[in-house]
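Here is how the chains run, residue by residue.
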Amino acid sequence: MLAQKVKDEIALEQFYDKFKISAGEREIIALIMKGMDNKQIEGKLFISHGTVRNNVSRIYKKLNVKNRFELITLFKNIKG
């Protein structure tokens, strides 16, 4: 169980590095994966709506996804 978790974390790190996902973008992705919407992310990270929207947009572009569903599916596939 622990070995699989470590493997998943390594795969995720390599994925982030490959697509040049910044620390801030990683944090937003983690919150999206927990089911938070943009408004909740704004409150959690104390950043403006525009900043959240811009970051989410940049993440979609970097990972070539069109929406949250595609993003969540992509990350579920990485984690196995």
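Up top is the structure these notes are about.
What you see is a predicted model, and the numbers here were worked out from it, not measured in a lab.

Engineer: Can you lay out the environment of Ile21 for me, pointing to particular residues and giving the numbers?
Structural biologist: When you line up the elements, Ile21 lands in the loop between helix H1 (2-18) and helix H2 (23-33). Once the C-alpha coordinates of Ile21 and Ile10 are considered, the two residues, eleven residues apart in sequence, prove to be 15 Å apart. Once residues lying within four places of it in the same chain are set aside, the contact partners of Ile21 are Tyr16, Arg26, Ile29, Lys62 and Leu63.

Engineer: Outline the packing of H2 against helix H3 (residues 38-45), listing residues and values.
Structural biologist: For the pair H2 and H3, the least separation of the axes is 10 Å and the interaxial angle reads 130 degrees. By the angle class used here, H2 and H3 are oblique. Note that H2 runs across H3; the crossing there is right-handed. Across the interface between the two elements, Glu27, Ile28, Leu31 and Ile32 of H2 pack against Ile41, Lys44 and Leu45 of H3. Here the residues of the contact of H2 with H3 are counted per class, giving five nonpolar, no polar and two charged.

Engineer: Break down the side chain of Asn55 for me, with residues and values.
Structural biologist: Within the fold, Asn55 resides in helix H4 (residues 49-63). In this structure Asn55 comes out as buried when scored by relative accessible area, which is 12%. From its side chain, Asn55 meets the backbone oxygen of Thr51 in a polar contact 2.9 Å long. Residues within four places of Asn55 in sequence aside, it is in contact with Glu25 and Ile28.

About the criteria used
- Residues numbered from 1 in each chain as written.
- Predicted model: local features only at pLDDT ≥ 70, side-chain atom pairs only at ≥ 80, totals over all residues.
- Heavy atoms only, no water.
- Helix = DSSP H or I, 4+ residues; strand = E, 2+ residues; numbered from the N terminus.
- Contact = heavy atoms within 4.5 Å.
- Axes fitted to C-alpha atoms, helices over the stretch in contact; angles between N-to-C directions.
- Parallel < 35°, antiparallel > 145°, perpendicular 65-115°, else oblique.
- Left-handed = near helix turned anticlockwise from the far one by under 90°.
- Nonpolar A, V, L, I, M, F, W, Y, C, P; charged D, E, K, R; others polar.
- Buried < 20%, exposed > 50% of the residue type's maximum accessible area, 1.4 Å probe, protein only.
- Polar contact = N/O pair within 3.5 Å; in protein donor to acceptor, adjacent residues only side chain to side chain.

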